[in-house]
Amino acid sequence: MGEPLTTSARSSALASSAVLSTAGIVVQGVSRLAYTVVLGRVFGTEALGHASALLSLSIFAALLWPTAAGTAASRFFAVAAHEKAGTRPLARLLDRSMAASTTALALAAVPTALVLGNGLGVALSAAWLVAGYGVYAYTRGVQLGRHRAARVALWDGLTAALSLGLVAVVAVVGDPAWALVPLSVAYTVFAVVNWPRSGPGQPATGGVDGVLSFAAWNVLAGLTTNGLLQLAMLAAQYYGPGVQAGVYAAAFTLATPASMLGQAISQIVIPAFAHRSDGASLRDRRTAGLVIGLAGVMALGFGVVAALAPIYLPLFYPAVGVEAVPLLQFLMLGVFVFTIALVPAALLLAAGRSRQVALASISGFVGGLAVIVVSGPSLGVQAGSLGFLVGSSVNLVAMVVLNLRVPGRGRGGPVVESAPTTPGHASDPVNDE
């Protein structure tokens, strides 16, 4: 590595990585949209509802460990790269945790899919999807932690193309039992190619301290922030099974890719700020300006998506598109709030404050879940969207307040709860390898 990056160089590198990571997520989101459009057109609205519910199940299951492990990897691999330390102990620890969690979650997916009204064959493919998406989320975090956003974007694109090619085969075969297999294959390929291997450098000393506790707190943080969106789709399947859930799924397939944008940006923010002793807080003017600017761009983008829904949604889903428009427009409001809340939360995670993020998010999750349960019998499929909006709004306020009230830097360097970094190092957040 050369000299530490200047502030302008850091900003440029961060922007470049954010663009690449977001581009990969956009490709994945567009391919997933095309995927569900094909399923809805070939197999019908009810089949679309079942498939969307199981896709949400895979994302929700990943929140129980794999996504948190990926977030931990994005932070701790970045710190190790900054300190030129070996990553073998870190990789082995996270690999073991992934093996255990993936096995348990895949086994649990089978009876869950059966309860949701699927046959045994579909339930088994749901187990593969749960496992595949979990290892995808983990390995993506690893590669972003090593500042390899270009590699991530490349393989996001290649595996997205692979999933679309395979779903075309499924459409020709005409058997909905195979509907989840193309995505499962694509996620598995991404994980195999990007599985962490020991990096160069000196043997790590204490490099795994706090990793599992950081990830464990991030499980709670993930469930209380990201979990509500997936529960919205599962609630639709419960409160409005059949065609109604299929109509909601048509809206949900547009909202889900949009929500992935914030997650892509937060995955860049965490490794970029993980070893910085300055600026990892909204108290810093440049950081606050970055977040406000991002909020403006997102408001414009999501507003356009919502405003144009009456035009494009019926093109994607001719049978239910018109009926799904108001569902999508209201859901996009919740997705916007959710997406913005992820950025200040990522700043806190970068500083090692996963416990604070988790505890602060509980109120939003509990409030949103209560709204879903109470309003479900009367609002039907719309109850999930309302609960998601309420919970996300509470979480956004909590993350902003926590950023403003807790300094990102004290006299002794950054405050880190679960995993100390080295505060004396100069920042060098992005180095594509």
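On a predicted model such as this, the values are computed, not experimentally measured, just so you know.

What to know about the overall build of the protein
- Scanning the protein for helices and strands turns up 15 helices and 0 strands.
- Among the 433 residues that make up the protein, the fraction classed as buried is 58%.
- For the protein, restricting intrachain contacts to residue pairs at least 6 apart in sequence, the fraction spanning at least 24 positions comes to 85%.
- For the protein, the accessible surface area stands at approximately 16,500 Å², while carbon and sulfur atoms represent 69% of it.

Some remarks on unusual backbone geometry
- Notably, H147 is not glycine yet its phi reads approximately 60°, a positive angle.
- Residue placement: H147 occurs in the loop between α5 (120-145) and α6 (149-173).

Re a nonpolar patch on the surface
- On the surface, a nonpolar cluster with roughly 380 Å² of combined accessible area is contributed by L300, V304, L308 and I311.
- With respect to the helices and strands, L308 occurs in the loop between α11 (285-307) and α12 (309-316).
- Of the residues examined, L308 reaches a relative accessible area of 39% and is grouped as partly exposed.

As for the packing of α5 against α6
- Orientation of α5 relative to α6, taken along the N-to-C sense of each, is 150°, at an axis distance of 8 Å. When the axes of α5 and α6 are compared, the pair comes out roughly antiparallel. Every pair of crossing elements has a handedness; the one defined by α5 and α6 is right-handed. Residue-level contacts link Y136, R140, Q143 and L144 of α5 to A149, R151, V152 and D156 of α6.
- Taken together, the residues that form the contact of α5 with α6 break down as 4 nonpolar, 1 polar and 3 charged.

Looking at the layout of surface pockets
- Space inside the second largest pocket adds up to approximately 350 Å³.
- Residue lining of the second largest pocket: 16 residues in total, with L254, P257, A258, L261 and V305 positioned closest to the centre.
- At the level of elements, α1 (7-43), α10 (243-273) and α11 are the ones that each hand at least two residues to the lining of the second largest pocket.
- Looking at the lining of the second largest pocket residue by residue, the classes come out as 14 nonpolar, 2 polar and no charged.

With respect to helix α4 (residues 88-115)
- Between its first and last C-alpha atoms α4 spans 41 Å; for 28 residues at 1.5 Å apiece the expected length is 40 Å, and the two agree.
- For α4, the principal kink sits at A109 and spans about 25°; a proline, P111, occurs within the next four residues.
- The first or second residue beyond α4 is G117, which carries a positive phi of 95°.

A look at the confidence of the model for the protein
- Scored by pLDDT, the protein comes out at a mean of 83, with 86% of its residues at no less than 70.
- Across the protein, helix α7 (residues 181-194) holds the top mean pLDDT of 96, while α1 sits lowest at 76.
- Contacts of residues 201-206 to residues separated by more than four positions or lying in other chains number 10 contacts, the stretch itself having pLDDT below 50.

Some remarks on the side chain of S163
- Mapping S163 onto the fold places it in helix α6.
- S163 has contacts with S31, Y35, P182, L183 and A186, leaving out every residue within four places of it along the chain.

Side note on the environment of V27
- Within the secondary structure, V27 sits in helix α1.
- On the basis of relative accessibility, which here comes to 34%, the residue V27 falls in the partly exposed class.
- Note: C-alpha distance between V27 and P257 (230 residues apart in sequence) is 9.2 Å.
- Ignoring any residue separated from it by four or fewer positions in sequence, one finds V27 in contact with D156, G157 and A160.

Regarding the nonpolar core
- In terms of nonpolar packing, the biggest core is built from 128 residues, with L94, Y248, L313, Y317 and L328 touching the most fellow members.
- Per element, the largest residue contribution to this core is 18 residues, and it comes from α10.
- Excluding residues that lie within four positions of it along the chain, L328 makes contacts with A251, L254, A255, A309, Y312 and L313.

Quick notes on the side chain of S375
- Inspection of the secondary structure assignment puts S375 in helix α14 (residues 354-379).
- If we skip the residues at most four places from it in the chain, S375 touches G380, A383 and L386.

Considerations on the environment of S125
- Position of S125 relative to the elements: it lies in helix α5.
- Expressed as a C-alpha distance, the spacing of S125 and A106, which sit 19 residues apart in the sequence, is 9.7 Å.
- Beyond its immediate stretch of four places on either side in the chain, S125 contacts A177, L180, V181 and S184.

What to know about the environment of L404
- By the element assignment, L404 lies in helix α15 (residues 382-405).
- A relative accessible area of 44% means that L404 is categorised as partly exposed.
- Taking the C-alpha atoms as reference, L404 lies 9.9 Å from P344; in sequence the two are 60 residues apart.
- Other than its neighbours up to four places away in sequence, L404 contacts L282 and R283.

A closer look at empty space enclosed by the protein
- Applying the stated criterion across every chain yields a total of 9 cavities of 30 Å³ or more.
- As a volume, the largest cavity reaches approximately 440 Å³.
- If you go around the largest cavity, you meet 28 residues; those closest to its centre are T67, T71, N226, Q263 and S266.
- Only α3 (66-82), α5, α8 (211-225), α10 and α13 (321-350) provide two or more residues apiece to the lining of the largest cavity.
- For the lining of the largest cavity, the class distribution of residues is 15 nonpolar, 12 polar and 1 charged.
- Here the second largest cavity is characterised by a volume of approximately 70 Å³.
- Around the second largest cavity sit R32, L33, T36, S52, L55, F252, T253, T256 and P257, which together line it.
- Contributions of two or more residues to the lining of the second largest cavity are made by α1, α2 (45-62) and α10.
- Take the lining of the second largest cavity: its biggest share by element is 4 residues, from α10.
- Residues of the lining of the second largest cavity, tallied by class, amount to 4 nonpolar, 4 polar and 1 charged.

What counts and what doesn't
- Residues numbered from 1 in each chain as written.
- Predicted model: local features only at pLDDT ≥ 70, side-chain atom pairs only at ≥ 80, totals over all residues.
- Heavy atoms only, no water.
- Helix = DSSP H or I, 4+ residues; strand = E, 2+ residues; numbered from the N terminus.
- Buried < 20%, exposed > 50% of the residue type's maximum accessible area, 1.4 Å probe, protein only.
- Contact = heavy atoms within 4.5 Å.
- Areas by Shrake-Rupley, 256 points an atom, 1.4 Å probe, with all protein chains shown as cover.
- Patch = residues over 30% accessible without salt bridge, like charges linked within 9 Å, V, L, I, M, F, W, Y side chains within 5 Å.
- Salt bridge = Lys/Arg side-chain N within 4 Å of Asp/Glu carboxyl O.
- Axes fitted to C-alpha atoms, helices over the stretch in contact; angles between N-to-C directions.
- Parallel < 35°, antiparallel > 145°, perpendicular 65-115°, else oblique.
- Left-handed = near helix turned anticlockwise from the far one by under 90°.
- Nonpolar A, V, L, I, M, F, W, Y, C, P; charged D, E, K, R; others polar.
- 1 Å grid on protein atoms, 1.4 Å probe; cavity = no way out; pocket = protein on both sides within 12 Å on 5 of 7 lines; lining within 4 Å.
- Points joined across faces, edges and corners; volume = space filled by probe spheres on them.
- Expected span 1.5 Å × (residues − 1).
- Bend = angle between axes of the 7 residues up to and from the residue.
- pLDDT = per-residue confidence, 0-100.
- Core = buried A, V, L, I, M, F, W, Y, C linked by side-chain atoms within 4.5 Å.

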